[in-house]
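Working through the structure, step by step
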Amino acid sequence: MWQIDEEVMLKQPDVKESESILMLLDQSRHHLGPWIGWVDYTQTNNEMKQFIKTVNKKMKEQTDVVLFIWCRGQVAGSVALYDLKWHNQSGMLGYWVGAGFEGRGIAHRSVRSMLMYAFYTLGLNRIELRAAVNNERSVNLAQRLGFVQEGIVRQAEWIRGQCRDQVQMSMMKDEFEQRLNYSW
């Protein structure tokens, strides 16, 4: 767990918090469903508990780092590094915030903190990100943080009966360091 600022902290998931996380997911299905495929497959508290157990197992195996975002004592979303490739010093980034938590800079602060962790604690050099091409909020956040678009991955993800194209973006450690010299 680490405190980002007086309002936001990142925390490893705990099965004791599964009901709170599921409640946020339930309140956010309409908001998240078009962009995140697993949202439709996590419907019950038992499924959420299993998800948390799986995530924690992957963290022990050092293949993923999945943290939940807490804002003023309420679960607000998640930020994750997954598919860590230690031999390539790279990983994939994912993030989401629940309905009611958008537009407050929570995702920006959380992702920026995860990038600092990825580059300076884990020693990664490249972070990749994919987002649906029409997920403007996610793409705009990545661009504000300094991610560079590399191209479009055609028909990359099947969500709600449609195959969606995704924007492929990346950030290198030296690009992140250059941005640290500027205000965010």
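Data block above holds the structure.
All figures in this text were calculated on a predicted structure; none of them were measured in a lab.

**Points about the overall build of the chain**
- Looking only at helices and strands, the chain features 5 helices and 8 strands.
- Going residue by residue from the N terminus, the α and β elements of the chain occur as β-β-α-α-β-β-β-α-β-α-β-β-α.
- Taking 184 residues into account, the globule formula puts the C-alpha radius of gyration at 16 Å, and the chain, at 16 Å, falls close to it.
- A burial count over the chain gives 46% of its 184 residues as buried.
- When contacts within the chain are restricted to residue pairs at least 6 apart in sequence, those whose partners lie at least 24 apart make up 60%.
- Where the 22 positive side-chain charges of the chain centre and where its 21 negative ones centre are 2 Å apart.

**Let's talk about the sheet that holds strand 8 (residues 162-172)**
- Taken together, the 8 strands give an open sheet; going across it, the order is 1-2-3-4-5-6-8-7, and neighbouring strands pair in mixed fashion. Taken across any chain shown, the strands that pair with only one partner, and hence form the sheet edges, are strand 1 (2-3) and strand 7 (148-159).
- In this structure, strand 3 (residues 65-71) lies alongside strand 4 (residues 74-85), joined through 7 bridges in antiparallel fashion. Looking across to strand 4, one finds that isoleucine 69 is bridged to glycine 77.
- This element, helix 4 (residues 136-145), spans strand 5 (90-97), strand 6 (126-132) and strand 8 of the sheet and lies at about 10 degrees to strand 8.

**Some points on the environment of serine 113**
- Along the chain, serine 113 turns up in helix 3 (residues 106-121).
- Taking the C-alpha atoms as reference, serine 113 lies 20 Å from lysine 58; in sequence the two are 55 residues apart.
- Excluding residues within four positions of it along the chain, serine 113 makes contact with Trp2, Ile4 and Leu10.

**As for the pattern of salt bridges**
- According to the stated counting rule, one finds 11 salt bridges in the structure shown.
- With its nearest N and O atoms 3.7 Å apart, the salt bridge here joins arginine 104 to glutamate 7. With arginine 104 in the loop between strand 5 and helix 3 and glutamate 7 in the loop between strand 1 and strand 2 (8-11), this pair connects stretches of sequence that are 97 residues apart.
- The exposure class of arginine 104 is partly exposed, given its relative accessible area of 38%.
- Linked by salt bridges that have partners in common, Asp5, Glu7, Arg72, Arg104 and Arg109 make up one network.

**Side note on the packing of helix 1 (residues 18-32) against helix 2 (residues 45-60)**
- Axis separation between helix 1 and helix 2 bottoms out at 9 Å; the angle between their running directions is 110 degrees. It follows that helix 1 is roughly perpendicular to helix 2 by the angle criterion. Taken as a pair, helix 1 and helix 2 cross one another with a handedness that is right-handed. Mapping the contact onto sequence places Ser18, Glu19, Ile21, Leu22 and Leu25 in helix 1 and Asn45, Met48, Lys49 and Ile52 in helix 2.
- Residue classes in the contact of helix 1 with helix 2 are distributed as 5 nonpolar, 2 polar and 2 charged.

**Overview of unusual backbone geometry**
- The phi dihedral of glutamine 62 falls on the positive side, at around 60 degrees, and the residue is not glycine.
- Structurally, glutamine 62 can be placed in the loop between helix 2 and strand 3.
- In the Ramachandran plot, arginine 72 falls in the positive-phi region, its phi being about 50 degrees despite a non-glycine side chain.
- As for its position among the elements, arginine 72 is in the loop between strand 3 and strand 4.

Criteria and thresholds
- Residues numbered from 1 in each chain as written.
- Predicted model: local features only at pLDDT ≥ 70, side-chain atom pairs only at ≥ 80, totals over all residues.
- Heavy atoms only, no water.
- Helix = DSSP H or I, 4+ residues; strand = E, 2+ residues; numbered from the N terminus.
- Rg over C-alpha atoms; globule rule 2.2 N^0.38 Å.
- Buried < 20%, exposed > 50% of the residue type's maximum accessible area, 1.4 Å probe, protein only.
- Contact = heavy atoms within 4.5 Å.
- Lys, Arg positive; Asp, Glu negative; His and termini not counted.
- Charge placed at Lys NZ, Arg CZ, Asp CG, Glu CD.
- Pairing = 2+ DSSP bridges.
- Axes fitted to C-alpha atoms, helices over the stretch in contact; angles between N-to-C directions.
- Salt bridge = Lys/Arg side-chain N within 4 Å of Asp/Glu carboxyl O.
- Parallel < 35°, antiparallel > 145°, perpendicular 65-115°, else oblique.
- Left-handed = near helix turned anticlockwise from the far one by under 90°.
- Nonpolar A, V, L, I, M, F, W, Y, C, P; charged D, E, K, R; others polar.

These results come straight from atomic positions and should not be treated as a statement about function.
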